[in-house]
Amino acid sequence: MIRLPDHVREPEGRASLTATSDLEAVAKERGIKYFLISYVDLFGALRAKLVPASAIRDMQKAGAGFAGFATWLDMSPADPDLFAVPDASSLIQLPWKPEVGWLAADLVMDGEEVAQGPRTVLKRQLAAAAALGYEMKSGVECEYFLISPDGKTLSDASDTADKPCYDQSALMRRYDVIKEICDSMLTLGWGAYQNDHEDANGQFEMNWNYDNALVTADRHVFFKYMVKSIAEAHGMRATFMPKPFINLTGSGCHVHVSLWKKGKNAFSDPKGQLGVSTLGYNFIGGLIHNADALCALTNPTVNSYKRINAPRTISGATWAPNTVTYTGNNRTHMIRIPDVGRFEFRLGDGAANPYLLQAGILAAGLDGMANARDPGRRLDINMYTEGHKVKGAKKLPLNLLDALRALEKSRVLKDSLGDAFVSGYLKLKTEEWNAYSRHLTQWERDTTLDI
Ligand SMILES: [Mg+2]
């Protein structure tokens, strides 16, 4: 659940930074010795250079140099230097090591912003919305598991309840880790407000306030890094993998979305059904229209499709959607309208690239607005038990290849997100699918050896 907040951008008493704030001066003022100039590649992997504060002045202007081909970007070893140019407004001092300042960066090559850079893809969508006078605000709910360092078992052998959601004892056995992460978010001024044990054994969720979609995406990137780092320091491993254990509920990344114009929530309309405006329903219509192609971004791994379309888990429900439908305050659909003026998009999972997740949602939503797309009838049924009775609702892709093929066919997403990004993404992700297909599984041997 995302609370509607009065958020604080910077910790109290500290001036907000802008994209061009002088980082050398900020380093002196805040005791920063090193900067991590960081970017996320197409697969969501976090890449960085560690730069001493004495070298930040030049690096802030020109960017830190990388060989793009060495990361998951559609580049060649013959390409020139890829520069990651930091956005000073994104600065986060590592709460557990404040002498290090983390910076989100935008990718530049030959003096041009790289069109397939995930942060750039999102910034371009936000600019398209801004051209219409809108700002997207969003909040994310990042579920994760705490597991053993070798990845094989849960970190807590006592966490075995059939219905472990909100289990107080299991939550408190992990108090030291959860508290350190939550304290960190409080220090950073994110407005953290609740932490719980989720529906799978070993699974947790921590919530902080919503904000501008780019701020949320940067924080989402940092949150994953922070959770993994703090868990590691406590002798555990944190994973955001969508379905790490086949019999347990998977890790989703639900996104709460609203669009704002001149300081007012444009999705809010007291006269609209469930308090949502026609504009909001058109945005939802865009998500419903483009859902299959969108899955390539919101559910980007082979493993993602073991979370959606999944059979019942031990706890009784997967809490993941299986069909392209929307509803009111009911968690069995792809889109839930829990409150006036916003909706929750429940499709995305823990593997989603934080920038592409937001960019995809906005691109689909803007398409819905531009074409006044009708989301169809709201369904107030339990999709897990009555879903088979629904006629005409689209099904979600059954695997990554289905989703990639849908993206390949999507004129809407290609036009809005750009051919350069979509073609590069499809190329690398298709290679990933092919690598998976060449892998012989034990299940195949078990079921086919004696045929
Ligand atoms: Mg949850």
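Residues numbered from 1 in each chain as written. Predicted model: local features only at pLDDT ≥ 70, side-chain atom pairs only at ≥ 80, totals over all residues.

Student: So what exactly am I meant to see when it comes to the domain arrangement of the chain here?
Tutor: Think of interface size as the accessible area that goes away when the parts come together; that is how it is often given. One can read the domain layout of the chain as domain 1 (27-112) and domain 2 (124-446). The distance between the C-alpha centroids of domain 1 and domain 2 comes to 27 Å. Each partner contributes residues to the interface: domain 1 has 12 residues there, and domain 2 has 17 residues. (Domains from an automatic or database assignment. Contact = placed C-beta atoms within 7 Å.)

Student: What should I look at first to understand the packing of helix α7 (residues 278-298) against helix α8 (residues 354-370) in this one?
Tutor: If you want to describe how two helices pack, look at the angle between their axes and the distance between the axes. Across the interface, α7 lies against α8 with an axial gap of 6 Å and an inter-helix angle of 135°. By the criterion of interaxial angle, the relationship of α7 to α8 is oblique. The two elements α7 and α8 cross, and the hand of that crossing is right-handed. Only L356, L357, G360, I361, A364, G365, L366, D367, G368 and M369 of α8 make contact with α7, whose side of the interface consists of L279, N282, F283, I284, G285, G286, L287, H289, N290, L294, L297 and T298. (Axes fitted to C-alpha atoms, helices over the stretch in contact; angles between N-to-C directions. Helix = DSSP H or I, 4+ residues; strand = E, 2+ residues; numbered from the N terminus. Parallel < 35°, antiparallel > 145°, perpendicular 65-115°, else oblique. Left-handed = near helix turned anticlockwise from the far one by under 90°.)

Student: Can you help me understand the pairing of strand β10 (residues 203-207) in this one?
Tutor: Along any regular strand, the residues point their side chains to alternate faces of the sheet. Most of β10 sits inside the fold, with four of its five residues counted as buried. By the bridge criterion, four bridges tie strand β8 (residues 135-147) to β10 in an arrangement that is antiparallel. Bridge pairing links C142 to M206 in β10. One ladder, built from four bridges, connects strand β9 (residues 194-197) with β10; its direction is antiparallel. Within β10, the residue paired with N195 across the bridge is M206. Between β9 and β10, which pair antiparallel and follow one another directly, the connecting turn spans five residues, one of which, G202, has a positive phi of 80°. (Buried ≥ 20, exposed ≤ 12 C-beta atoms within 10 Å, placed from the backbone. Pairing = 2+ DSSP bridges.)

Student: Explanation requested: helix α6 (residues 213-233) in the structure shown.
Tutor: Residues separated by three or four positions in an α-helix point in the same direction, a consequence of the helix having 3.6 residues per turn. Helix length check: α6 (21 residues) gives 30 Å between terminal C-alpha atoms against 30 Å at 1.5 Å per residue, within 8%. With 15 of 21 residues buried, α6 is to be regarded as a mostly interior element. Looking one or two residues beyond α6, the residue adopting positive phi is G235, at roughly 80°. (Expected span 1.5 Å × (residues − 1).)

Student: What is the right way to look at the nonpolar core in this model?
Tutor: Nonpolar side chains in soluble globular proteins tend to be buried together. Core analysis: the biggest nonpolar cluster contains 116 residues, and F35 and I37 have the highest contact counts within it. Looking at this core, you find at least three residues from each of domain 1 (27-112) and domain 2 (124-446). Apart from the residues within four sequence positions on either side, I37 is in contact with A48, K49, V51, M59, A64, A84, P86, L103 and A105. (Core = buried A, V, L, I, M, F, W, Y, C linked by C-beta atoms within 7 Å.)

Student: Before we go on, may I ask you to explain the packing of helix α5 (residues 175-188) against α6 in this structure?
Tutor: In the contact formed by α5 and α6, the axes pass within 10 Å of each other and the chain directions differ by 140°. By the angle between their axes, α5 is oblique relative to α6. For the pair α5 and α6, the sense of crossing is right-handed. Together, V177, E180, I181 and S184 of α5 and M226, V227, I230 and A231 of α6 make up the contact between the two elements. Within the contact of α5 with α6, the residues separate by chemical class into six nonpolar, one polar and one charged. (Nonpolar A, V, L, I, M, F, W, Y, C, P; charged D, E, K, R; others polar.)

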